[in-house]
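Observations on chain architecture
Each chain is listed here by its residues.
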Amino acid sequence: MTTAILSALSEEQGGLMHALQQPEQLRHAGRVFWRGRLHGQPVVLALSGIGKVAAATTAAVLAERFGPARMVFTGVAGGVGEGVQVGDVVVAQDYLQHDFDASPIVPRWEVPGYGGARMDCDAALTALLSGAVRDWLTRAQGTFDANSQPRLHQGLMASGDRFVSAAQESRALRAALLAAGHDVLAVEMEGAAVAQVCRDYGLPFAAVRTISDRADDSAHVDFPWFVEHVAGRHAQGIVNSLVQRL
Ligand code: SAH
């Protein structure tokens, strides 16, 4: 029962690589996959690549070649929901693609053939992941540089092929989605693609993102700092706690 663990950037994956037992490297489709164990649990680690297409390819290769029982995404995202601060952690309940628009043929954001805009994450795996995040936030309390009291948020995340880095854009995006009943907590660039691939393959999917920036005018400064200093530690702490619950 292998768990596939995806990250977008090598810094996000760094902590997990470090903890991997009996690592074995495999290459396919221009990607590097690492098979091994974390706390005795079989895992395969992969970098999704940046953006929805790269992430969809990686997820499809994982599904076809590695036969995982589940997929989990760990990474960083821009906070857009009220009170979703740098250093907080968001666990996705579902995903949409904020740059998908086939209107007026179908309502904006709706993906034809999927019956709506939103792709659900697996409820049971998501509950385990939330438990793992709570555990990690409690254990690591007081050691965070960016935010001394990080909070866990759960809800909708949005992906698009765009680094959102202007307050005005982020506000407009959030308001347009909210007006259609989509209360988005965070934006990133890969999760919705992986959620869709997992739905196609019938694989349970869950995703967690630590907030690296507020998708605003200082996002281009906050993001690289956070990725370098905090992202890997968070991913490792959360995944370690998760695999012990599987
Ligand atoms: N510096 C990287 C590219 C980073 S793109 C490189 O050169 O390869 C930003 C990454 O962080 C994406 O994987 C995305 O999922 C996430 N992310 C963090 N903050 C974001 C934001 N404000 N908008 C969109 N994606 C964001």
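Residues numbered from 1 in each chain as written. Predicted model: local features only at pLDDT ≥ 70, side-chain atom pairs only at ≥ 80, totals over all residues. Heavy atoms only, no water.

**Some remarks on empty space enclosed by the protein**
The gaps of empty space that remain are located by a probe, the size of a water molecule, rolled over the atoms. Under the definition given, this model contains 1 cavity of 30 Å³ or more. There is about 60 Å³ of room inside the largest cavity. Every residue lining the largest cavity is listed: Glu12, Thr74, Gly75, Val76, Val208, Arg209, Thr210, Ala231, His234, Ala235 and Ile238. Those elements that place two or more of their residues in the lining of the largest cavity are β5 (70-79), β10 (205-213) and α6 (219-243). (1 Å grid on protein atoms, 1.4 Å probe; cavity = no way out; pocket = protein on both sides within 12 Å on 5 of 7 lines; lining within 4 Å. Points joined across faces, edges and corners; volume = space filled by probe spheres on them. Helix = DSSP H or I, 4+ residues; strand = E, 2+ residues; numbered from the N terminus.)

**With respect to the site of the ligand**
Around the ligand, 18 residues are found, and the nearest of them are Val164, Met189, Glu190, Asp213 and Phe223. A distance of 2.9 Å separates a nitrogen atom of the ligand from a polar atom in the backbone of Val164. Here Glu190 contributes a side-chain N or O atom positioned 2.7 Å from an oxygen atom of the ligand. Its free accessible area being 570 Å², the ligand has 76% of it covered by the protein chains. With respect to the detected pockets, the ligand is housed in the largest pocket. Secondary structure elements with two or more residues in the shell around the ligand: β5, β9 (184-188) and β10. Residue composition of the shell around the ligand, by class: 11 nonpolar, 2 polar and 5 charged. (Near = heavy atom within 4 Å. Polar contact = N/O pair within 3.5 Å; in protein donor to acceptor, adjacent residues only side chain to side chain. Areas by Shrake-Rupley, 256 points an atom, 1.4 Å probe, with all protein chains shown as cover. Sits in = over half its atoms within 2 Å of the grid points. Nonpolar A, V, L, I, M, F, W, Y, C, P; charged D, E, K, R; others polar.)

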